[in-house]
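The lines below spell out each chain.
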Amino acid sequence: MSIRSLFSILALTAAATAQTPVVDVDWTQLGAPTRTAITLQVVENPPLTRPSPIHRAAWQALADLHTEKTRLALWYPYPRLAVAELKPPAPQETFWDFTQIDPMVEDFFAATKDRSSVFTMSTIPAWMFAPADPGPIPVSPGEAMWNYEAGENLRDPSGQELADYFSRVAGWYTAGGFKDELGQRIGSSHHFNIAYWEVLNEPEYEHSLSIETYTRLYDKISSSVHTVAPGTKFVGMSLAEPTRRPEAFEYFLNPANHAPGARLDAISYHFYATPEPGKSAEAQQYTFFAQADAFLNAVRYSESIRKRLSPQTETHVNEAGCIAADDLGQGPDSMTRPPSAEYWNLCGAVFAYLYAGLAEHGIDLVGASQLVGYPTQFPSVSLLDWKTGEPNARYRVLELLHENLGPGDRPARTTLRATAIYASAYVSAKGRRKMLLINKRNHAITVTVPGSIGAEQRQVDLTTVGRPALRRVLATTEISVGSFGVSVINFPAEK
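All values derive from a computational prediction rather than experimental measurement.

J.: Go over the nonpolar core, please, and point to the residues and values.
T.: Of all hydrophobic cores here, the largest spans 126 residues; its most connected members are F119, Y173, W197, L401 and L436. For this core, the element with the highest residue contribution is helix α9 (residues 341–360), accounting for 14 residues. Excluding residues within four positions of it along the chain, F119 makes contact with L72, L74, V105, V169, Y173, I194, Y196, W197 and E198. Residues A412, A420, I445 and F491 belong to the second largest nonpolar core, which totals 18 residues.

J.: Give me the environment of Q291: which residues, what numbers.
T.: Mapped onto the elements, Q291 comes out in helix α8 (residues 281–309). For Q291, a relative accessible area of 24% puts it in the partly exposed group. When the C-alpha atoms of Q291 and T274 are compared, they prove to be 8.2 Å apart, with 17 residues separating the residues in sequence. Other than its neighbours up to four places away in sequence, Q291 contacts F271, Y272, A273 and T274.

J.: Break down unusual backbone geometry for me, with residues and values.
T.: Most peptide bonds take the trans form, and the phi angle of most residues other than glycine is negative. Cis peptide bonds are those with omega within 30 degrees of zero, and the linkage from A130 to P131 qualifies with -10°. Note that the residue after S369, namely Q370, is joined by a cis bond; omega there is -5°. Within the secondary structure, Q370 sits in the loop between β11 (365–369) and α10 (393–404). Positive phi is not limited to glycine here, since S238 has a value of about 50°. Residue placement: S238 occurs in strand β8 (residues 233–239). Overall, the relative accessible area of 0% leaves S238 in the buried class. With a phi close to 55°, V465 is a non-glycine residue in the positive phi region.

J.: For the packing of α9 against α10, give the residues involved together with the corresponding values.
T.: For the pair α9 and α10, interaxial distance at closest approach is 7 Å and the crossing angle is 30°. Here α9 lies roughly parallel to α10, going by the angle between them. In terms of crossing hand, the pair formed by α9 and α10 is right-handed. Between α9, through W344, N345, C347, G348, F351, A352 and Y355, and α10, the contact on the second element is made entirely by A393, R394, V397, L398 and L401. Each residue belonging to the contact of α9 with α10 can be placed in one class, and the counts come to nine nonpolar, two polar and one charged.

Cut-offs and rules
- Residues numbered from 1 in each chain as written.
- Predicted model: local features only at pLDDT ≥ 70, side-chain atom pairs only at ≥ 80, totals over all residues.
- Heavy atoms only, no water.
- Core = buried A, V, L, I, M, F, W, Y, C linked by side-chain atoms within 4.5 Å.
- Buried < 20%, exposed > 50% of the residue type's maximum accessible area, 1.4 Å probe, protein only.
- Helix = DSSP H or I, 4+ residues; strand = E, 2+ residues; numbered from the N terminus.
- Contact = heavy atoms within 4.5 Å.
- Axes fitted to C-alpha atoms, helices over the stretch in contact; angles between N-to-C directions.
- Parallel < 35°, antiparallel > 145°, perpendicular 65-115°, else oblique.
- Left-handed = near helix turned anticlockwise from the far one by under 90°.
- Nonpolar A, V, L, I, M, F, W, Y, C, P; charged D, E, K, R; others polar.

Structure follows, in C-alpha cells:
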C-alpha cells in the first residue's frame, strides 16, 4: 500500500468519525411493553424529622414526584428511628415505643397518599441476638450508631420471636395496634395500606446471614405479617451485591426451599456505582458506566434463574445510585461539602442508563437511592441538598423519566453507532413516539434524529443544575445533548 493510499484511508476514517452520529429508529418494529416502575427510596434520618429546617421541603419534594412503589427504609444507624422495642420484655412490662418512629412514617404516607409503597423496617432489635452488646444507645434519635447491628446468632434460633416482633409492628401500622408479649393490647390510630413488605435489608452484610438462614426467617416473618396484613405482598432477598451471590438466587427462588404456602411475590437487590479510591473525577464517567454494564449483564443472568424457578415473582432493583470515593466512611468529618455539579449530573445519567437497561430486561422496578443523604449517612447518594432541601440534578432526572417514560411503553428498534451517547426509542400505549438520549461524557454531543423537527426536547444537563428540565421545540434534526445530559424527545403526533 502506498503512503498516498494510506493517507486517503485515514482521511476517510477521520471524516466518518467527525460526522454527526445518526439515531435510526424503525417505529414498526416494537418489542413487548415495558413494566419498569420508576421510583425512589426514602431512608429515615435526622433531616427528615419534624424539627429539621428542610423537613417540609423534603417531604414536599417526595409528594411532587407522584411515584408508585416508593420504598420507606427504616434502617439501623439511628436505632431510635428504626427499632420499636429497644429493650427485651420483662416479666411485668414491655418497652414498645413508636414515639420517634411514627412522625417519619406518617409523613411518608402523607406524601405518597394513596399510591403504593414498599415498607421495610429492617432493623432487628440487638437484644434478640446472643451474645450481642452494641453498647449504649444514644439519647438523641439523630445521633448515628453504626455498630448497632451487632450479633449473628438469634437467641431464638427458630426465628419465631423475630417474626412476632415484625407482626406486632405490622399491627401497629396497618391494624390499629397489637397485643404485646404479655397479652396486653397496645393501640394505635394507624391503618396504613402497605402494598409490599420487604423482609430485612442486605442480610449478607447485616448480621452476616446465610441464604439458608435468611430464607427460613423470610418464611417466618412473611407468614406472621400476612396474618395481620393479608393484602400485603412480600419482597425477599434485598441483596447488597447480587453479582457476588448467584447461588442465593438459585436457593431463594426455588419453592422447594421454602415452607409450604410461602409467598414469593418479589425479590430485590441493589446497585451503586463506586469509583476506585485514587481515581480522578474525570475517570468516573468511564468507570460508572462500565460498572452499570457489568451489573446489567448480571441482571440478565439472575433473571434467567428467576424465570426458570419462579417466573411469577417480581424483581425490584430498589436501591440504585452512586457513592463517591470519599463517602465510603461515615464519620462526622466524611464529605461535609456537597459533591460537584458534574457528579450529580453523571449520577443522573447513570440512573437513566440503568432504567433503559432494566426496562429491556423486564425488571418491575428501579428505585433511586435516596431522597436525602447527609454527612454521616451517605451524602453523595442524596437527591436533595441536605441544607436547603432543594433538588439536585439526580432528582430532576428521576422526575424527567417518571413524567415521560414507564410501564406500557413499547421499545422500538433503535440503532446508534456511537459509544459516548445512548439512545432508545419507545411508543406509548396511546401511540405517542418518544426517545431517551443519554450523554455519557462531560462534553456536549450532537446527534441527528430524523423526523424530529417540531418535537419537544426536555433535558437535564450541567446548565440546568437542580432546576426542572429545560424544554424546547426542535427546529432541526440535529440535537445537542449537554454534558452528562439526559434528554427525552417527544415527537409530534402522527397525522
